[in-house]
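Now for the letters of each chain:
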Amino acid sequence: MNRDLKGRDLLSLMDLGRQEMELVFDTTRMLKTACKTGQISHLLEGKTLGMIFQKTSTRTRVSFEVAMTQLGGHALFLSANDLQLKIGETIGDTAHVLGRYLDGIMARVYAHQDVVDLAAGSEVPVINGLSDFTHPCQGLTDFYTVLEHKGKLAGLTLAYVGDGNNVAHSLILGGTKLGLHIRLGTPSHFRPAELVVLRANEYARDSGGSLEIFNDPQQAVSGADVVYTDTWVSMGQEKEKEERLKVFTPYQLNQQLLAQASHNAIAMHCLPAHRGLEITDEVIDGPQSAIFDQAENRLHVQKAILALLL
Ligand code: CP
Ligand code: NVA
């Protein structure tokens, strides 16, 4: 196994260079082929991953646990409610102690600062399994899935419609580093964070990619190779639900909007989906959908991430 990434944290796609992301994709391809042909890849025998969850999860929890099992290691599910964090032990102390037992920590948190603090406090690699700022394992999986479907990444146009949220941030940061043209269709008050836009413009200058932000979803999607959406109400934003549903209604990914993209465009969604809100049944279940391949690839890409970092 390539040792270039050993011991590193993965808190956002700002942490990985283009070649490092390509190394993750090459490793994923190898591990996925091995998995499909019944070969055993016990690269993490005897190693343990702790998985801290402040929020609910289906894909992240199950795919990380299965990934560790398939790699010959072990995963521990640690609900934040059941740890001494609940009674006020600091994240720093928790990280310091867990680092003495574990070979790696994956954490799903509300505030991004919590994964930053975990990484600062622990000597083992920390992987962000989603924070309010970003979702890097999802982003790597999304680009790997595009690569499988389209055979390349640089030069493709990926349109994201909806909320400029954590998932949008991963797509923007990773996409502009990998040479894609990223187009957002998002209401003015829900644009991505300025820091992300700033970084993306720097990355795009080096890679030949680009970032454009429109208010009009049709403009964003026109001629795109990939059309992506995510929930309008992320975990932690439940109080804003009513207002958000009103603002985002024109941004629904339906067959009519998808028809504005290239004729062989693929549709993507990180899931969980709210069918009939941000995306319709006809798109999720339709012939252009890559959504369940995307969900499967969380397993293969995270096996690569774990094998490279731990
Ligand atoms: N896409 C994703 O992270 O799914 P879960 O919330 O189910 O983990
Ligand atoms: N943006 C969503 C992604 C869920 C995987 C959220 O943060 O809830």
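Up top you'll find the structure we're talking about.
Residues numbered from 1 in each chain as written. Chains lettered and ligands numbered in written order. Predicted model: local features only at pLDDT ≥ 70, side-chain atom pairs only at ≥ 80, totals over all residues. Heavy atoms only, no water.

Undergrad: Mind showing me how you'd approach helix α7 (residues 194-207) here?
TA: In an α-helix, one turn spans 3.6 residues, which is why side chains three or four residues apart end up on the same side. Helix length check: α7, at 14 residues, gives a terminal C-alpha distance of 20 Å against a target of 20 Å (1.5 Å per residue), a fit within 8%. Within α7, the full set of buried residues consists of Val196, Val197, Ala200, Tyr203, Ala204 and Ser207. Take α7 and look down its axis: the buried residues cluster within an arc of 130 degrees, on one side only. Seen from the open side of α7, the exposed residues pointing more than 90 degrees away from its buried face are Glu194, Leu198, Arg205 and Asp206. Considering only its buried residues, α7 is in contact with α1 (18-36), α6 (166-177) and β7 (210-214). (Helix = DSSP H or I, 4+ residues; strand = E, 2+ residues; numbered from the N terminus. Expected span 1.5 Å × (residues − 1). Buried < 20%, exposed > 50% of the residue type's maximum accessible area, 1.4 Å probe, protein only. Arc of directions from axis to C-beta. Contact = heavy atoms within 4.5 Å.)

Undergrad: Honestly, the pairing of strand β5 (residues 157-161) in this entry has me stumped. Any pointers?
TA: A regular strand carries its side chains on alternate faces of the sheet. Counting buried positions along β5 yields five of five residues, so the element is predominantly enclosed. Every second residue of β5 is oriented toward a common face, with Thr157, Ala159 and Val161 on one face and Leu158 and Tyr160 on the other, all of them buried. Relative to strand β6 (residues 181-185), β5 runs parallel, the two being bridged by five bridges. Across the sheet, leucine 158 pairs through a bridge with isoleucine 182, a residue of β6. Read from β5 through α6 to β6, the crossover connection turns out right-handed. As paired elements, β5 and strand β8 (residues 226-229) share four bridges and run parallel to each other. (Pairing = 2+ DSSP bridges. Right-handed = clockwise from strand over helix to strand, strands pointing away.)

Undergrad: How should the site of ligand 2 be read in this particular structure?
TA: Taken together, Leu130, Asn165, Asn166, Val167, Asp230, Thr231, Ser234, Met235 and Leu271 make up the full set of residues adjacent to ligand 2. In this structure, a nitrogen atom belonging to ligand 2 sits 3.4 Å away from a side-chain N or O atom of asparagine 165. A total of 270 Å² of accessible area belongs to ligand 2 in isolation, and the protein chains cover 95% of it. Partitioned by chemical class, the residues of the shell around ligand 2 number four nonpolar, four polar and one charged. (Near = heavy atom within 4 Å. Polar contact = N/O pair within 3.5 Å; in protein donor to acceptor, adjacent residues only side chain to side chain. Areas by Shrake-Rupley, 256 points an atom, 1.4 Å probe, with all protein chains shown as cover. Nonpolar A, V, L, I, M, F, W, Y, C, P; charged D, E, K, R; others polar.)

Undergrad: How do you make sense of the pairing of β8 when you look at a structure like this?
TA: Going residue by residue along β8, you find Val226 and Tyr228 tucked away on one face and Val227 and Thr229 tucked away on the opposite face as well. When β8 meets strand β9 (residues 266-269), the two strands line up parallel, connected through four bridges. By the bridge assignment for β9, valine 226 is matched with isoleucine 266.

Undergrad: I'm lost on the packing of aromatic side chains in this one. Help?
TA: The way to describe two aromatic rings as a pair is by their centre distance and the angle between their planes. Tallied over the full model, the rule gives six aromatic pairs. Plain terms: the ring middles of phenylalanine 190 and phenylalanine 248 are 4.8 Å apart, the flat faces sit at 55 degrees to each other, and that makes the pair tilted. Here phenylalanine 190 is found in the loop between β6 and α7, whereas its partner phenylalanine 248 is found in helix α9 (residues 241-248), with 58 residues between them in sequence. The exposure class of phenylalanine 190 is buried, given its relative accessible area of 10%. Note on phenylalanine 248 and tyrosine 251: the rings are 6.2 Å apart at their centroids and 75 degrees apart in plane angle, and the pair reads as edge-to-face. As far as the burial class goes, phenylalanine 248 and tyrosine 251 line up, both buried. Site record: aromatic cluster; members linked through ring pairs are Phe190, Trp232, Phe248 and Tyr251. The aromatic ring of tyrosine 203 is capped on one face by lysine 177, whose charged end is 4.4 Å from the ring centroid. (Phe/Tyr/Trp six-rings, centres within 6.5 Å; stacked < 30°, edge-to-face > 60°. Lys NZ or Arg CZ within 6 Å of the ring centre and 35° of its normal.)

From the geometry alone we can't say anything about function, so treat these as descriptive.
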